[in-house]
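# Results of the structural survey
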Amino acid sequence: MRRLLRVNLSNGAIKEEDIPKKIATDYVGGRGFCIKYLYDEVPVNTDPLGKQNKLLIGTGPLAGTSAQSLSKWVVVTKSPLTNTFTRSYGGGDFGAWLKWAGFELVIFEGKSAKPVYFHIKNGKFEIHDASAIWGKTTNQTQEYLEKQHGAKARTICIGPAAEKMVRYAGIFSGRRAAGRGGTGTVMASKNLKAVVIEAERKEELADPSEFNKLVKQQVKGYKEGLGFGPFRDYGTPMGVDIPGFSMGSFPVRNFRSNDLEGWEKLSFLQYAAITQKHSGCYSCMLKCGKTHTVMDGPYAGVTSEGPQYETIWAFTGPAACADLGATVMADRMCYDLGLDTISTGNAIGFAYELFEKGILTTKDTEGMILKYGDPEPMLKLIELIGNRKGIGNILAEGVKRAAERIGKGSKEYAMHVKGLEMPGYEPRALKALGMHYALSNVGANHCNGYAQQEIGYPKPRVLDAAADDGKGDVIKYNQDYVAAIELVNACTFPASNLDLYGLELIGNMLIAAVGEPKFGSADYLWHVGEKVYNLERCFNIREGFSRKDDTLPKRMYTEPLQGGMRDGEIIRKPDVIIDEYYEARGWDKNGMPTKATLKRLGLEQVDKDITKFRR
Ligand code: SF4
């Protein structure tokens, strides 16, 4: 029987529950379980930082096995940045440990009266006082918990930024984060500092010999995969070169340009030259984590497991500063404070542009001059944001709310979708990916709908990145594919980016692991992925979201890119792509799933919740 653990932090009640067979079959696991319970249990208009919101932490049905790249953990909740459903994935070992502890999902409810951490040890559960670690960095917290519970325990925790209610704080495990959407802020709102698991390795499989055969097949596929070697050797920093500056998709100066002087200093080869160690998540031979140590200059000696591509972008593009050492320093600071690097970098890019335009002045920045190319104010801003001091207190709200507070036309310069700051891929250069941001259920997030077709991936067909239409169905394809692989918490890097495994293999592994024959059909997993995506959409619709929110910042439609490979590019026909997409999904013109679509997906029960929003 597949199980979940329910922890009420208000009264300390802890309950083990079987996941009903119908839910287990209809939603498979991972992201599927999370949205099903979130939808059913978090009422409409819940304050994301209030007691009624719930924090769901899930692992996948194949986690903790020898299968490759299938042991990530996911956090799902109502986001304090966007007020939408949000999902954020973390790496490391925690997903495997949670599965070995006997649970695929933990639901945290209510709010503790004082800071606590939750401890699972071999079938026993305890809520401990966390006053000794409240206020500590993520690094200090994990060191403390390792001393208390031993090196074999695995932890997720929050840092000081979450405790100070920075709206884009993440949850960290080792050096890896479920960074996006303010999941850490929700955890802090419950006075929950950490979760620690001690568990012994166990693989409970319906058909162990078939499963092992499939793992061997998977490993062979990895070794023969074209992208495997380069990705293992260099990791995500390759994104700086490809697509980055080779396709003009690296946003610079708050999404105005894709031209950065000296960008070659940020090439993945430069990061490779300072890589000390390769590390990976549980049972993943790709080991895409790269520990870097700065060798010279003002940040010499600084070490961080990172930066990954997005963080390299976040601390170079927005402040137009091609300083490799500063990116390692910024990564380390965000890790210690517990900040999402993408939103932090965006907030900094927003502040730099406001300063350039005279909307912010040295009076607002306590004398600091936000000068493009200078990393020092950028690093100072990270510290101010993480501690909610000075101008950092406003930027900690996220760019959407910060613009509302600052006024003076600053809304024009806030680069977000539904309140979530934009990742480091330029929408005007990669238009299917860009319009995916606009349409995504969580706001501007690249990894729940990568559009690899724009850099040559052939399924379902290659796309011309610059074309203004003909993309809606492929955006749906990408979103549903990611939703389907995330039913088992599969890592999207080997799947969407490197094409190292598909749903057929996952389906066969699921049969061998949990013995449910339905899961062996790739069509069934696609169907559940689509259902999950629609249920997430319906969560947002209940909260009042509709077509009006499926939009990019105005800049993307009205200001041509300046310089670089895509000079002059613009998104000309967003409504055409949105119409194509709604039609492919079976949604009406206002972006609401029709009755027929809900019926086809087995979601008839949510029709009553959204019917009043249909046009
Ligand atoms: S590819 Fe990287 S992030 Fe994904 S599971 Fe492997 S090590 Fe973790």
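The residue count restarts for each chain, going from 1 along the sequence in the order it is written. Local features in this predicted model are restricted to residues whose pLDDT is 70 or higher, and side-chain atom pairs enter the listing and the counts only when it is 80 or higher, whereas totals over whole chains, interfaces and linings include all residues. Heavy atoms from the whole structure form the basis of all side-chain values; hydrogens and water molecules are not counted.

### A closer look at helix 12 (residues 324–337)
Numbered from the N terminus, helices here are DSSP runs of H or I no shorter than four residues, and strands are runs of E no shorter than two. By this rule the span expected of a helix is its residue count minus one, scaled by 1.5 Å. An ideal rise of 1.5 Å per residue puts 20 Å on 14 residues; helix 12 measures up with 20 Å between its terminal C-alpha atoms. Only protein chains enter the accessibility calculation, which uses a 1.4 Å probe; a residue whose area is less than 20% of its type maximum is buried, one above 50% is exposed, and one in between is partly exposed. Counting buried residues in helix 12 gives 13 out of 14 residues, a clear majority hidden from the surface. Two N or O atoms count as a polar contact when they lie within 3.5 Å, although within protein this holds only if one can serve as hydrogen donor and the other as acceptor, and sequence-adjacent residues are included solely when both atoms are side-chain atoms. Sitting at the amino-terminal end of helix 12 is Asp 323, which places a side-chain oxygen 3.1 Å from the backbone nitrogen of Gly 325. One or two positions beyond helix 12, positive phi appears at Gly 338, with a value near 85°.

### Thoughts on the environment of Ile 511
Here Ile 511 shows up in helix 20 (residues 503–514). The exposure class assigned to Ile 511 is partly exposed, which follows from its relative accessible area of 31%. For the pair Ile 511 and Tyr 437, spaced 74 residues apart in the sequence, the C-alpha separation amounts to 34 Å. Two residues qualify as a contact provided that any one of their heavy atoms is within 4.5 Å of a heavy atom in the partner residue. Aside from chain neighbours lying at most four places away, what touches Ile 511 is Ala 206, Glu 516, Pro 517, Phe 519 and Gly 520.

### Things to note about the pattern of salt bridges
When a carboxyl oxygen of Asp or Glu is within 4 Å of a side-chain nitrogen of Lys or Arg, the pair counts as a salt bridge. Evaluation of the coordinates by the stated rule reveals 58 salt bridges. The shortest N-O distance in the salt bridge between Lys 78 and Glu 543 comes to 2.8 Å. Within this pair, whereas Lys 78 is found in strand 4 (residues 73–78), its partner Glu 543 is found in the loop between helix 21 (522–542) and helix 22 (555–558), the two being separated by 465 residues in sequence. Grouping residues by exposure puts Lys 78 and Glu 543 together as buried. Measuring nitrogen to oxygen at the nearest pair gives 3.9 Å for the salt bridge that ties Lys 114 to Asp 129. Linking Lys 114 in the loop between strand 6 (105–109) and strand 7 (116–121) with Asp 129 in strand 8 (residues 124–129), this pair joins segments that are 15 residues apart in sequence.

### Looking at the sheet that holds strand 14 (residues 289–293)
Two strands pair under a simple rule: DSSP has to find at least two bridges between them. The antiparallel open sheet is built from 3 strands, whose spatial order is 13-14-15. With one partner strand each, in any of the chains shown, strand 13 (275–279) and strand 15 (303–305) form the two edges of the open sheet. Within the sheet, the average angular offset between the axes of one strand and its neighbour, ignoring direction, is 15°. By the bridge criterion, 2 bridges tie strand 14 to strand 15 in an arrangement that is antiparallel. Its bridge partner being in strand 15, Thr 293 is matched across the sheet by Thr 303. Every axis in this analysis is a line fitted to C-alpha atoms, fitted for helices over the stretch in contact. Angles between the N-to-C directions lie between 0 and 180 degrees. Its contacts with the sheet put helix 12 on strand 14 and strand 15, and the angle it makes with strand 15 is roughly 65°.

### Regarding the side chain of Arg 388
With respect to the secondary-structure elements, Arg 388 resides in the loop between helix 14 (375–386) and helix 15 (391–395). For Arg 388, the side chain forms a polar contact with the main-chain oxygen of Met 165, separated by 2.8 Å. For Arg 388, the residues in contact, after removing those within four places along its chain, are Lys 164, Met 165, Val 166, Arg 167, Asn 393, Ala 396 and Glu 397.

### Some remarks on the state of the cysteines
Pairs of cysteine sulfur atoms within 2.5 Å are identified as disulfides in what follows. Going through the model one piece at a time under the given rule, you end up with 0 disulfides. Looking at Cys 157, it has no disulfide partner, and the nearest cysteine sulfur is the one in Cys 334, 15 Å off. For Cys 157, a relative accessible area of 0% gives the class buried.

### So, the sheet that holds strand 1 (residues 3–8)
Reading across the sheet, the 6 strands line up as 2-1-6-3-4-5 and stay open at both edges, with mixed pairing between neighbours. Every other strand in the sheet has two partners, leaving strand 2 (14–18) and strand 5 (85–90) as the edge strands with one partner each. Averaged over all neighbouring strand pairs, the angle between strand axes comes to 20°, with direction disregarded. The sheet strands contacting helix 2 (residues 31–41) are strand 1, strand 3 (55–58), strand 4, strand 5 and strand 6, and the helix crosses strand 6 at an angle near 25°.

### Describing helix 2
Within helix 2, 9 of the 11 residues are buried, leaving the element largely enclosed by the surrounding structure. Listed as buried for helix 2 are Arg 31, Gly 32, Phe 33, Cys 34, Ile 35, Lys 36, Tyr 37, Leu 38 and Tyr 39.

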